[in-house]
Amino acid sequence: MKLKRLFITLPIVLIVLAVLFLIIADKVFDIDLGISFTEKRKSSVSLSLLKEVRDVFTFNTVEYIYKTVFPFDFINAGTNWQELVAKRDHEEGLSEDEINALEVYDLCTGIGIDLGPGNTDFVVVTSVVKGGFNLKGTVYENPEQVENVTRYVRVDPAENILYIKLPEPVIVDLIIDDATSGNYAYPDIGLNPEEWRALTDYISGKVEAMVIAGGILDLARKKGENFIKRILLDAGYTDIIFM
């Protein structure tokens, strides 16, 4: 009976001793035996950091509010609309500015704004544009499913420096205030829902292009990096480097 117990216990003891030897060889004597016990730990730390940063990205970093006066903010004063329309009808070459002007002309025609001499019809549209980070389709959306998360976040243990790769900033939201007679302080030109949608679709595209040209994404990146850096430095890292 004792001999049987010895045969059962001995392999277990040998396995434990072998594991202890591998750990000591790796940690104390710095002998590389081709077996890593730290990779899982590194990956779990990286995964945890990705999740923490993902939670921070739930806020919007930059918000712009634009008031545009349509059509006057989108056309040049003194434009000869008859000549411009005739030029298009005769299929003459049009410049980019002329193409853009005709786009406004067609929209005005469709929603009942007269661009002729003496026209005073206009619409004031308020747009709220938010720049930040959309995590959809990035490593931050489902970090658990990403292979080799250390490509996106890793720690230099010797220097206690955190390297992290952030997603690209984007326009995360663009809201057009719904003007009603109760909150619209300007003359009402009486747009129906279809006309209002056509107008706001046009203005949304123009405003988005304007705020991007004006640097909203650069500012979103800078503010996002500063916010993330402040949080992670408070967590105890010596420095944060964005890859």
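See the structure shown above.
As the structure is a computational prediction, the values presented were derived from the model and not from experiment. (Residues numbered from 1 in each chain as written. Predicted model: local features only at pLDDT ≥ 70, side-chain atom pairs only at ≥ 80, totals over all residues. Heavy atoms only, no water.)

Draft legend 1. Helix 6 (residues 216-234), seen in detail. Here helix 6 spans 27 Å end to end across 19 residues, near enough to the 27 Å set by a 1.5 Å rise per residue. Those residues of helix 6 that sit buried are Ile 216, Leu 217, Ala 220, Gly 224, Ile 228 and Leu 232. Across the axial projection of helix 6, the buried residues extend over an arc of 120 degrees, all falling on one side. Exposed and oriented more than 90 degrees from the buried face of helix 6 are Asp 218, Lys 222 and Asp 234. Just beyond helix 6, the residue with positive phi is Gly 236, at close to 120 degrees. (Helix = DSSP H or I, 4+ residues; strand = E, 2+ residues; numbered from the N terminus. Expected span 1.5 Å × (residues − 1). Buried < 20%, exposed > 50% of the residue type's maximum accessible area, 1.4 Å probe, protein only. Arc of directions from axis to C-beta.)

Draft legend 2. Region of the structure containing the pattern of salt bridges. Evaluated as defined, the whole model comprises 5 salt bridges. The residue Lys 130 makes a salt bridge to Glu 63 at a minimum N-O spacing of 4.0 Å. With a gap of 67 residues between them, Lys 130 in strand 2 (residues 123-133) and Glu 63 in strand 1 (residues 62-70) connect regions that are remote in the sequence. Asp 239 serves as the salt-bridge partner of Lys 229, at 3.8 Å between the closest nitrogen and oxygen. Of the two residues, Lys 229 sits in helix 6 while Asp 239 sits in strand 6 (residues 239-242), which places them 10 residues apart along the sequence. Looking at Lys 229, the relative accessible area reads 29%, which means it is partly exposed. Overall, the relative accessible area of 28% leaves Asp 239 in the partly exposed class. (Salt bridge = Lys/Arg side-chain N within 4 Å of Asp/Glu carboxyl O.)

Draft legend 3. Examining the side chain of Ser 204 more closely. Looking at the element boundaries, Ser 204 is found in helix 5 (residues 193-213). Apart from residues no more than four positions distant in its own chain, Ser 204 is found in contact with Leu 174 and Ile 176. (Contact = heavy atoms within 4.5 Å.)

Draft legend 4. Region of the structure containing the sheet that holds strand 3 (residues 153-156). Strand order across the open sheet formed by 3 strands is 3-4-6, with mixed pairing between neighbours. Single-partner strands in this sheet number two, and they are strand 3 and strand 6. Strand-to-strand twist across the sheet, computed as the mean angle between neighbouring axes with direction ignored, equals 20 degrees. Of the pairings in the sheet, the one linking strand 4 (residues 161-164) to strand 6 comprises 4 bridges and is parallel in character. Across the sheet, residue Ile 161 finds its bridge partner in strand 6, namely Asp 239. Strands in contact with helix 6 are strand 4 and strand 6; relative to strand 6, the strand with the most contacts, it is inclined by about 145 degrees. (Pairing = 2+ DSSP bridges. Axes fitted to C-alpha atoms, helices over the stretch in contact; angles between N-to-C directions.)

Draft legend 5. Main features of the nonpolar core. If you look at the biggest cluster of nonpolar residues, it comprises 29 residues, and the most contacted ones within it are Phe 70, Val 104, Val 125, Leu 199, Tyr 202, Ile 203 and Ile 216. Once residues within four sequence positions are removed from consideration, Val 104 is found in contact with Phe 70, Pro 71, Phe 74, Ile 75 and Tyr 202. The next biggest cluster of nonpolar side chains, apart from the first, holds 13 residues, and it includes Phe 133, Tyr 152, Leu 232 and Ile 240. (Core = buried A, V, L, I, M, F, W, Y, C linked by side-chain atoms within 4.5 Å.)

Draft legend 6. Broad picture of the packing of helix 4 (residues 96-111) against helix 5. Relative to each other, helix 4 and helix 5 sit at 160 degrees, their axes nearing to 9 Å. Judged by the inter-axis angle, helix 4 sits roughly antiparallel to helix 5. Of the two possible hands of crossing, helix 4 and helix 5 adopt the one that is left-handed. Contacts between helix 4 and helix 5 involve Asn 100, Glu 103, Val 104, Leu 107, Gly 110 and Ile 111 on the former and, on the latter, Glu 195, Ala 198, Leu 199, Tyr 202 and Lys 206. Residues that form the contact of helix 4 with helix 5 fall into these classes: 6 nonpolar, 2 polar and 3 charged. (Parallel < 35°, antiparallel > 145°, perpendicular 65-115°, else oblique. Left-handed = near helix turned anticlockwise from the far one by under 90°. Nonpolar A, V, L, I, M, F, W, Y, C, P; charged D, E, K, R; others polar.)

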